[in-house]
Amino acid sequence: MASAAESFSKLTGRLDYPMLVVTTAAEGERAGCLVGFSTQCSIDPARFLVCVSDKNHTFSIARRGDALAVHLLGSDAEDLAALFGSETGDEVDKFTRCRWHPGPRGLPILDSCDRWFAGEIRQRHGFGDHCGYVLEPFAVHDEDGSDSLSFSQVKRLTPGHEA
C-alpha cells in the first residue's frame, strides 16, 4: 500500500498547472527559472503568489531583490521552458541564449513573452523546499490571447536542479 505522501504526489502529478518563467535582478546579477507553483492570492489588493525552489539559482538572487517579473508562457514556448527549466544559472547565463530587455526596475523581460507582469515582493514565506513570494503588481503587459503552456507539455523536461 502506498504512503499518503506517495499517493499525494501521484494525485498532484495529474494537475495541469500553467507554467511561468520568473526573472529577477539584484546587485548587478540577473536570474530566471521555470515555475509551476503560482496563483493569484488576493483581488483587493491585487496579489499574486509565486514559489521558487530553494535549490534554484534564482532563489539566491530573488532573496536579495525587491521585485520579480512573471512571464506567462504561450503554448508554443517549450523552448523557453526548456531553457529556464532544464538549465541552471549556476552554470549558464540563460539570458545570453534568449532575447530580453531591461524592464521596470531593471527586471529582465523576455522579448518573446507578450504576457507578463512585474511585482514588488510584499512578503516571503518558506513552504518546505520552496519560497513563496507574494507580489503586488506594478507593471503589466498583456498583448497575447494564446493558450498558456501547461505542466503536461513540459513534464518530460529534465530539471536543472532537484525540486
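Residues numbered from 1 in each chain as written. Predicted model: local features only at pLDDT ≥ 70, side-chain atom pairs only at ≥ 80, totals over all residues. Heavy atoms only, no water.

Okay, the packing of aromatic side chains next. For the coordinates displayed, the defined rule picks out 4 aromatic pairs. When the ring of Phe-48 is compared with that of Phe-117, the centres are 5.2 Å apart and the planes differ by 75 degrees; the resulting orientation is edge-to-face. Separated by 69 residues along the polypeptide, Phe-48 in strand β4 (residues 47–53) and Phe-117 in strand β8 (residues 115–127) bring together distant segments of the chain. Note on accessibility: Phe-48 and Phe-117 belong to one class, buried. Taken together, a centroid distance of 5.5 Å and an interplanar angle of 65 degrees make the contact between Phe-95 and Trp-100 edge-to-face. Taking relative accessible area as the criterion, Phe-95 reaches 4% and is therefore assigned buried. By way of ring pairs, the aromatic residues Phe-84, Phe-95 and Trp-100 are connected into one cluster. (Phe/Tyr/Trp six-rings, centres within 6.5 Å; stacked < 30°, edge-to-face > 60°. Helix = DSSP H or I, 4+ residues; strand = E, 2+ residues; numbered from the N terminus. Buried < 20%, exposed > 50% of the residue type's maximum accessible area, 1.4 Å probe, protein only.)

For the rest of this paragraph, the subject is the nonpolar core. By size, the foremost hydrophobic cluster in this structure holds 16 residues, and its most contacted members are Val-50, Leu-68, Val-70, Tyr-133 and Leu-135. Among the secondary structure elements, those contributing two or more residues to this core are β1 (20–26), β2 (29–35), β4, α2 (57–62), β5 (67–72), β8 and β9 (130–142). When neighbours within four sequence positions are excluded, Val-70 is seen to be in contact with Leu-20, Val-21, Val-22, Phe-48, Arg-115, Trp-116, Phe-117 and Leu-135. Among the nonpolar cores identified, the runner-up in size contains 13 residues, and Leu-80, Ala-81, Cys-98 and Cys-113 belong to it. (Core = buried A, V, L, I, M, F, W, Y, C linked by side-chain atoms within 4.5 Å. Contact = heavy atoms within 4.5 Å.)

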